[in-house]
Amino acid sequence: MTALRTWWLVVAAALAGVVITMTIGTLTGEIVYFGCYAVVCIAAWWAALRPVAGSGARADRRPWLLIALGQTLLLLGDAVMTVFFYFLPEASPVGWMDVPWLGGYAAIGAGLMIMARRRARGQLREPLLDMLTLTTAATLGLWRVMIDPELTASGGQYTAEILLDASYMVGDVLIMAAVLLLVLSPGVRGVPTRLMIVAGFGRLVADIGRVMWQYEAIVMFVSGVIFFANALMVITMMRSDREELVRPGRRTRTLHPARIVFLGLALLTAPAIAVAEGSGSGGERLALLIATVAASGFVLTRFTVAVRQQERAEQLLTYQASYDPLTGLANRRTILSRLEESVAGDVLLYLDLDGFKAVNDTHGHEAGDALLVEIGNRLSGAVRDGDLVARLGGDEFALLCPGPADVSEITALAERLLAVVTEPVGYHGHELRVGTSIGIAVHAGGVTSPGDLIRAADVAMYQAKRGGRGRWVLAGPTPGGASLALAG
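As a starting point, this report considers the structure included with it. (Residues numbered from 1 in each chain as written. Predicted model: local features only at pLDDT ≥ 70, side-chain atom pairs only at ≥ 80, totals over all residues. Heavy atoms only, no water.)

1. A look at the pattern of salt bridges
Any two side chains of opposite charge can pair, so long as their charged atoms come close to each other. As enumerated under the stated definition, the model contains 10 salt bridges in all. In this structure, Glu243 engages Arg242 in a salt bridge whose closest nitrogen and oxygen atoms are separated by 3.7 Å. You'll find Glu243 and Arg242 in the same group, each marked buried. The partner of Asp354 in a salt bridge is Lys465, and the shortest N-O contact between them spans 2.4 Å. Separated by 111 residues along the polypeptide, Asp354 in strand E1 (residues 347-354) and Lys465 in helix H15 (residues 450-466) bring together distant segments of the chain. Pair check on accessibility: Asp354 and Lys465 agree, each one buried. (Salt bridge = Lys/Arg side-chain N within 4 Å of Asp/Glu carboxyl O. Buried < 20%, exposed > 50% of the residue type's maximum accessible area, 1.4 Å probe, protein only. Helix = DSSP H or I, 4+ residues; strand = E, 2+ residues; numbered from the N terminus.)

2. Focus on a nonpolar patch on the surface
On the surface, a cluster of nonpolar side chains totalling about 540 Å² of accessible area is made up of Val83, Phe85, Tyr86, Phe87 and Leu88. One can find Val83 in helix H3 (residues 62-87). (Patch = residues over 30% accessible without salt bridge, like charges linked within 9 Å, V, L, I, M, F, W, Y side chains within 5 Å. Areas by Shrake-Rupley, 256 points an atom, 1.4 Å probe, with all protein chains shown as cover.)

3. Comments concerning the side chain of Asp78
Within the secondary structure, Asp78 is located in helix H3. By relative accessible area, which is 12% here, Asp78 ends up buried.

4. Observations concerning the environment of Gly111
Along the chain, Gly111 falls in helix H4 (residues 98-119). Taking the C-alpha atoms as reference, Gly111 lies 8.8 Å from Gly70; in sequence the two are 41 residues apart. Excluding residues within four positions of it along the chain, Gly111 makes contact with Pro63 and Leu66. (Contact = heavy atoms within 4.5 Å.)

5. What about the packing of aromatic side chains?
As enumerated under the stated definition, the model contains eight aromatic pairs in all. Between Tyr33 and Tyr37, the aromatic rings sit 5.7 Å apart at their centres with planes inclined by 70 degrees, giving edge-to-face as the arrangement. Linking Tyr33 with Tyr37, this pair stays in helix H2 (residues 27-49), spanning four residues, or about one helical turn. Taken individually, Tyr33 and Tyr37 each receive the classification buried, so the pair is uniform in this respect. Ring centres 4.8 Å apart and planes at 20 degrees place the aromatic pair Tyr319 and Tyr323 in the stacked group. (Phe/Tyr/Trp six-rings, centres within 6.5 Å; stacked < 30°, edge-to-face > 60°.)

6. Re the packing of helix H5 (residues 125-153) against helix H6 (residues 160-184)
Viewed as axis vectors pointing N to C, H5 and H6 meet at an angle of 155 degrees, and their least axial separation amounts to 9 Å. One way to sum up the angle between H5 and H6 is to call them roughly antiparallel. The crossing of H5 and H6 is right-handed. Taken together, the residues of the contact of H5 with H6 sort by class into 19 nonpolar, two polar and four charged. (Axes fitted to C-alpha atoms, helices over the stretch in contact; angles between N-to-C directions. Parallel < 35°, antiparallel > 145°, perpendicular 65-115°, else oblique. Left-handed = near helix turned anticlockwise from the far one by under 90°. Nonpolar A, V, L, I, M, F, W, Y, C, P; charged D, E, K, R; others polar.)

7. A closer look at the nonpolar core
As a rule of thumb, soluble globular proteins bury nonpolar side chains together. Counting 64 residues, the largest nonpolar core has Tyr37, Leu112, Met115 and Met196 as the members making the most contacts within it. Mapped by element, the contributors of at least two residues to this core are helix H1 (3-23), H2, H3, H4, H5, H6, helix H7 (191-212) and helix H8 (216-238). Here this core takes 13 residues from H6, the largest share from any one element. Setting aside residues up to four positions removed in sequence, Leu112 forms contacts with Ile67, Ile175, Ala178, Val179, Leu182 and Met196. The next biggest cluster of nonpolar side chains, apart from the first, holds 34 residues, and it includes Leu351, Ala367, Leu413 and Val421. (Core = buried A, V, L, I, M, F, W, Y, C linked by side-chain atoms within 4.5 Å.)

8. Focus on the pairing of E1
The buried fraction of E1 amounts to eight of the eight residues, a majority that puts the element mostly inside the structure. A two-sided burial pattern is seen for E1, the buried positions comprising Val347, Leu349, Leu351 and Leu353 on one face and Leu348, Tyr350, Asp352 and Asp354 on the other. Pairing between E1 and strand E3 (residues 396-401): six bridges, direction antiparallel. The residue of E3 that forms the bridge with Asp352 is Glu396. Alignment of E1 against strand E6 (residues 435-442), held across eight bridges, turns out to be antiparallel. Opposite Leu348, over in E6, you have Ala441 as the bridge partner. (Pairing = 2+ DSSP bridges.)

Now the structure itself:
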């Protein structure tokens, strides 16, 4: 689905929500509502069952199927309620409509949970802890606002109506938890993710508003909002790039400020309720609230400082594990990791300096280190943006250049590298001179391990040394498919 078509569908869903809001409670409104929602449910099943390009034939469709099932169950509950209202006004629809409604909550929540779990594969602990903190605070607040007044009115007795309202509250919390996991989990934040988050929160806020404020105008308004949120969820399912919602993302090691705000609100929920309901004068309760906020602020500040220190330590360890401490270039581990992701047409150049031992023996290891640093800088300046320069150890370097590249581009790069390496390096009044021998290997497609590609380039480099040094050898097969060896 193109972006333009997506936004046309969003506009259509919004207009339908407006019409539903304006006509709800009338026969025309019922026809409009059920007609539009039936279209949404049909679209949901079509989106859930159709194959999506790039997702693979055996892609897990459970999240999409669960959301489609949830939408259908919600529509079924609405239909049951409408039948009782028009045709069985003396009978109670409780149970008949609540079972599919609660099943719809559970299905949608489970589908969103599966998305979040797959998105945060192996990285779910921190988002899960944050989500549990926020949902615990939300449950406490919702219970105080929605359930406690009913308990007070019933004399502390848990009636069937109270238990049913508590079940709906749990359903809202489940959807809140699932949406929060999507927000907090790593991964791409493209249009599908943003649409799904807006849909989840929109449905949640409208549903809670309908329960908390039983005014006719509010009920009419939120009915249109809930329809729009449900439609937005299905529109997201219809997008061709929806798989970003279940694609694992790289871990982010930085604590986002929004998470601090969320945790602060969660931390203050219970004290704020206790202060609001406590005894004493208004001034005493205000002072207690200010002290609670201040103490919570100090705790959050200390927590943030500790987390930032840990992040800096992790970043330093990551850098030390991924980069050469002398030259600042990527190390062997990093280039092996990048080679795991290489594809056909990528080029690996393996460089070994000629005459480096003589520099060390004549001028000392400090001169050798200075030479290696300068050579690393020159190699970095001779390649394109996106090419990776690494020091493998000693006087060996490697360059990984994403393809596809033709033979003339490869050989021109090799000649450029020979030229920059052979230029003399000034060191305390001396000119340090080295050359290099370059072996070149091209990823020819198929199953090629990083070790295979490095060995092929290493063999070509030794062929260059045996051929007289200060030259390059390109070992086949070349990007054009011919199996040959070129030298220069």
